[in-house]
Amino acid sequence: MKIFSMTDIGLLREENQDSVWSEALSEHSCAAVLCDGMGGEAHGGLASQLAVDVISRRIRENFTEYMSRNTVRNLLITAVSAANSIVYDAAQKEPAGTVMGTTCVAAIVSNGRAHIVNVGDSRGYRLFTSDDSECIQQITKDHSHVRDLIDRGEITEEQAKIHPERNKITRAIGAESDVTTDYFEVDLAPGDMLLLCSDGLSSYGDDMDILDICFENKPEDICGRLVDYANDNGGHDNISVALFAV
């Protein structure tokens, strides 16, 4: 199994407030953490870097391939909780009204099983082949205003892509003293991929285009191709991706 990652400022932003970390933990295990910060005057960048640092350190120091599924789950959830405390405390030291927080999607893939957590609208996708067809499946669920509107039947998926509040998230690391983290597990077969990305890719691209890029390129080239694709679509936001290739 291999792991790759990349982050890019995009074409319109003055600062990259995304942070990403990826690492091979062993021959059969890899991990990645991807965060998309929010807040002006470098606060978003600080929030995302703090979160990535805390979560990646927890994974490095505590993960082993012999952990049970429930132990890996607890490791990821408690790591996000620890990151939330650090970012929240940092925000409290800033002037009143300062916005400081970050989304997060993180995963550990070990021996064919992916353990994934997310807060906010950074996503995890499974890419796989079924009956000779190439498929893409969003594993995580966005914590966003437009996702809530879709779930209530008030707008469609297509309308969400151009909704004026499509960037408004409903959950973030550091926004409150406690955070609720979603957790997912999915099995990955040889040839499958797991893609983590910030909304700089998912909000300005099409899932089928992402699918084509992932299957038409070598694993080591995919992150760069996805960043190029987002920039070709306007580069409206920072772009971060991490790819697990099984």
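Our subject is the structure that appears above.
The rules we used
- Residues numbered from 1 in each chain as written.
- Predicted model: local features only at pLDDT ≥ 70, side-chain atom pairs only at ≥ 80, totals over all residues.
- Heavy atoms only, no water.
- Phe/Tyr/Trp six-rings, centres within 6.5 Å; stacked < 30°, edge-to-face > 60°.
- Lys NZ or Arg CZ within 6 Å of the ring centre and 35° of its normal.
- Helix = DSSP H or I, 4+ residues; strand = E, 2+ residues; numbered from the N terminus.
- Expected span 1.5 Å × (residues − 1).
- Buried < 20%, exposed > 50% of the residue type's maximum accessible area, 1.4 Å probe, protein only.
- Contact = heavy atoms within 4.5 Å.
- Core = buried A, V, L, I, M, F, W, Y, C linked by side-chain atoms within 4.5 Å.
- Axes fitted to C-alpha atoms, helices over the stretch in contact; angles between N-to-C directions.
- Left-handed = near helix turned anticlockwise from the far one by under 90°.
- Nonpolar A, V, L, I, M, F, W, Y, C, P; charged D, E, K, R; others polar.

Student: Which parts of the structure should I look at to understand the packing of aromatic side chains?
Tutor: Both the distance between ring centres and the angle between the ring planes are used here to describe each pair of aromatic rings. Applying the stated criterion to the full structure yields zero aromatic pairs. Here the guanidinium or amino end of Arg-73 rests over the ring plane of Tyr-183, the centre of that ring lying 5.7 Å away. Sitting over the face of the ring of Phe-128, Arg-126 holds its NZ or CZ atom 3.7 Å from the ring centroid.

Student: For this particular structure, what's the right way to read helix α7 (residues 219-232)?
Tutor: Since the α-helix turns once every 3.6 residues, residues separated by three or four places project in the same direction. Over its 14 residues, α7 runs 20 Å from end to end, which matches the ideal 20 Å to within 8%, given 1.5 Å per residue. Buried within α7 we find Ile-222, Cys-223, Gly-224, Leu-226, Val-227, Tyr-229, Ala-230 and Asn-231. Its buried side turned inward, α7 meets β1 (2-8), β10 (193-197), α5 (199-202), α6 (207-216) and β11 (239-245). Phi for Gly-234, located one or two positions after α7, is positive at around 120°.

Student: Sorry, what's going on with the nonpolar core here?
Tutor: With 31 residues, the main nonpolar core has Val-33, Ile-55, Ile-59 and Ile-108 as its most contacted residues. Looking at this core, the elements with two or more residues in it are β3 (29-38), α1 (43-62), α2 (69-92), β5 (104-110) and β6 (113-119). Per-element tally for this core: the top contributor is α2, with 11 residues. One finds Ile-136, Cys-197, Ile-210 and Ile-222 within the second-largest nonpolar core, a separate group that totals 21 residues.

Student: Would you mind showing me how to read α2 here?
Tutor: Look at α2: 35 Å from first C-alpha to last across 24 residues, which is about the 34 Å you get at 1.5 Å a residue. All of the buried residues in α2 are Val-72, Leu-75, Leu-76, Ile-77, Ala-79, Val-80, Ala-82, Ala-83, Asn-84, Val-87, Ala-90 and Ala-91. Packing partners of the buried residues in α2 comprise α1, β4 (101-102), β5, β6 and β9 (182-187).

Student: Just to check I follow, could you spell out the packing of α6 against α7 for this structure?
Tutor: The angle between the axes and the distance between the axes are what describe a pair of packed helices. Packing of α6 against α7 leaves a shortest axis separation of 9 Å and a crossing angle of 150°. Where α6 crosses over α7, the handedness of that crossing is right-handed. Facing Asp-209, Ile-210, Ile-213 and Cys-214 of α6, the residues of α7 in contact are Ile-222, Arg-225, Leu-226 and Tyr-229. Among the residues making up the contact of α6 with α7, the classes are represented as six nonpolar, no polar and two charged.

Just geometry here; none of it tells us what the structure is for.
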